[in-house]
Amino acid sequence: MKAIVGAFTLAAGAAIAYVKAANDMADKLYKNYEGLQKSGAAASDGMTGVYRDAKKLGLSMDELDSMVSLVAESSSDLVLFGGTVADGRRKLADLAQASESSREGFFKLGISQQAQNEAMAGYMKLQARTGNAEKQTTDQLAASARNYITEQDQLARITGMNVKDQQKVREAALMEEQFLAKVRQLQREGKHAEAKELQDANVIMSAMGDEVGKGFRAMVNGNLRDENARKLQFSSMGAGLEATQQLTSGQINAAEASQKIAKGIGQGLETMADQQAQLGTAGQFGINYSQQVRAQAFSAEDATKALEKAQADQAKTLAGKGDPLADAQGRMIKVQQDINKKLEDDVFKGIPNAQVAMGKLANVTDGLADVFTKLTNAIVGVLNFFGLGEKKPEPPKQMTAGEKAAVAATQGARDSAKPLQDRVDQLNKEITQDEKKLKDAKRSGKYGKEEQDLEQKILKNKKEYEEESNKLVEVEKKISQLGKEEHHLRVKQQADRQVLARLEGANLRDVEKVKDLNVEKIEAEKKGDQAGAKKAQGKIDELNKGIQGRAPQIQTMQAELKTSAVGSAKPEDVLEFSGASGSRENFDGLSGDMKGALLSAGQQYFEQTKQKLKMNSGFRSPEKQKEMYDKTVEAGTPGVGVGGMPVAQPGSSLHEKGQAVDIQNYMDPKAVAALNSAGLRQTVPKDPVHFQLQAADGGVFTGPDSGYPAALHGEEAVIPLNNGGGNFVKVFEDMAMMMGQQVGAMDELIRIAKNSNDIQTKILRVQQ
């Protein structure tokens, strides 16, 4: 018996510990799911997606924060890899998983899992910024990313520049228009190796100094108009331009080009710069004197041999022939990572059961919670009579008019850049081919009229090339500026949305206070307390003044932040036009509100079913309405059409005002739900095809100040007469009674919740 009790105790303790571990993991996953949401990286895969991607990235549950930070820092670039930040996050995780076979080797080199993930995210950034985001498969990207991490380590060894600084240099270089244009040109020409060597050379040159790096980047296009390029060309004794040309043509690699420029700088230092520095004029003609000295020191070592040595040492470590301690530690880290994954996979599988177990603690409150929910729903229904209840969420929005205009302007600038870029590429190709042809002719001793004409053509093309390049630079600057303006607009609109939310919140709170004060005023009047009633009215007036004072700003901001429906589809994309008065022209004749609502409903329905809403009738002219009505008279059923559906007399139909439509899909629940969500409802008895804009449960409306026996004065609440006899006093009495019951229910719910907390505390004590 003791053995059985002991075994049972151990099993219960293990089960409790397992539930606790699963709950702890769920808490961590949800916390980081919230973190991803802030950068737009959360998606419908929820906590499961967070866990899955963390495992692909080689991270434990205690390292989840690093994934959230990495995604947040790279969110704008991750978008380019999948259309959304979440899709980009998944692609980053897939990239890391595809590189899992290299992790142990990287651990041996001292590159941690976090550093590997950061390097892969950095590589994805560079691919996005050079326009190669969608041009490679995951396996191709993974292979390139692994090479990128290896090369970063090699460059760190020969330059002393750490990996993060290298990444910053690479990203900053691609923000410079001319350098990015050269990289993209090489990639378009299929010279991917040359493009890579060019970027590697930039890292090495930048390690010598800021002016050296800037001069090098400007020089790759032969742009000696740039001050830094001129200084580097002067300081390197002409070696800069020659080296960059050889580098971009594939004749030499990054290390060789850097060595050649550094040697040129060293020679210039010996012949000119030392004397200029003594006179204080070195920086006027060449690069900074201290950077020249650093370049000379770099030239003293053979960069190619240094790189080869770094590669050999790296290969030795990866082959397990380096330090035995580092080799063993690298293997151990990978083994620990694999074991951790297996253990956490098992705990992750237990989260649903743990959630069920913890949920059972609340079972004692189910009945009371059900009553509480019913009371709440009843009160919400009463509030909806006055348009004060919670509104249904609006259909998803896309872009404001300002955003659409900004995007259109940026796209227009990009469109104008394309023919310029094509012409520049064509001229560059022609110049290269013609120069080679002329050079070959001169080598063979030929220089006749044909060669002279070719020489003139080359000069003419070079002049045009320079002119078109200058135009392209200006257009690229414009695109960059428009991109900044687009970003600033979005930032401003986000700030405006926050301001608008505060203003609307203030108005909502003041409306609640006015309601309370009205009750206070009525009670004071019943007691004959005129002073109290007057005081309450004064506060009401002050609050209403504040509400009205905010209204103009709220209306202005709401108009500015008004967005178009998702997809901004054309009517033909989501609507089917048919019938005698259901053509596209009849749709165009509808009022603006009707068209917007019908399009919104059509888009929602199409997204759900891939089918279109069928509009049989839209706007009708008075003549068309008369024609339809006359047919019912001729048939002997005045005002009743085919199928018993009513036909209004001319002058009384909302179709004539463009404020109603007839929809053929009226028996499809999804179609009706989409129409209802856009505010379109079936309001005419025995005419289910007829839809018009109407509030569902009363609401707040604005009407004229006079002119009707029962007028809407300014903005007033309207209560529909659907409660039997219009006994509004009873409505308020019922509301007060239900609120009283709800308060009592709340007290009881708090008591039960407190008892539940006590139970949970006891469980936790057992776990400890």
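What counts and how
- Residues numbered from 1 in each chain as written.
- Predicted model: local features only at pLDDT ≥ 70, side-chain atom pairs only at ≥ 80, totals over all residues.
- Heavy atoms only, no water.
- Helix = DSSP H or I, 4+ residues; strand = E, 2+ residues; numbered from the N terminus.
- Buried < 20%, exposed > 50% of the residue type's maximum accessible area, 1.4 Å probe, protein only.
- Contact = heavy atoms within 4.5 Å.
- Areas by Shrake-Rupley, 256 points an atom, 1.4 Å probe, with all protein chains shown as cover.
- Patch = residues over 30% accessible without salt bridge, like charges linked within 9 Å, V, L, I, M, F, W, Y side chains within 5 Å.
- Salt bridge = Lys/Arg side-chain N within 4 Å of Asp/Glu carboxyl O.
- pLDDT = per-residue confidence, 0-100.
- Phe/Tyr/Trp six-rings, centres within 6.5 Å; stacked < 30°, edge-to-face > 60°.
- Polar contact = N/O pair within 3.5 Å; in protein donor to acceptor, adjacent residues only side chain to side chain.

Caption draft 1: Quick peek at the overall build of the protein. From N to C terminus, the protein includes 29 helices and nine strands. Counting only residues that meet the buried cut, the protein has 38% of its 768 residues in that class. A fraction of 69% describes how many contacts in the protein between residues 6 or more apart in sequence connect residues 24 or more apart. In the structure as shown, the protein presents an accessible area of about 42,700 Å², 55% of it carried by carbon and sulfur atoms.

Caption draft 2: How the structure looks around a nonpolar patch on the surface. Taken together, the side chains of V335, I339 and L343 make up a nonpolar region of the molecular surface, amounting to roughly 270 Å² of accessible area. Within the element layout of this structure, I339 appears in helix 18 (residues 324-349). According to the relative accessible area criterion, I339 is partly exposed, its value standing at 44%.

Caption draft 3: Main features of the pattern of salt bridges. If you walk through the whole model with that rule in mind, you get 44 salt bridges. Between R90 and D87 there is a salt bridge, with the nearest N and O atoms lying 2.5 Å from each other. Of this pair, R90 and D87 both sit in helix 4 (residues 85-98), three residues apart, which is roughly one turn of that helix. For D87, a relative accessible area of 28% puts it in the partly exposed group. When salt bridges with common partners are traced through the structure, they connect D45, R52, D53, D87, R89 and R90 into a single cluster.

Caption draft 4: Structural detail: the confidence of the model for the protein. In this model, the protein carries an average pLDDT of 77, and 77% of its residues clear a pLDDT of 70 or more. Note on residues 360-369: pLDDT under 50 across the span, and 11 contacts to partners over four residues away in sequence or across chains. Here residues 390-397 scores under 50 on pLDDT; set against residues more than four positions off or in separate chains, the count is eight contacts.

Caption draft 5: Molecular detail of the packing of aromatic side chains. Under the criterion given, the structure shown has two aromatic pairs. With a centroid separation of 5.8 Å and an interplanar angle of 50°, the aromatic rings of F577 and F587 are classed as tilted. Remark: F587 occurs in helix 25 (residues 584-588) and F577 occurs in strand 3 (residues 575-581); sequence separation between them is 10 residues.

Caption draft 6: Spotlight on the side chain of N461. Topologically, N461 is positioned in helix 22 (residues 449-526). At a separation of 3.2 Å, a polar atom in the side chain of N461 contacts the side chain of E430.

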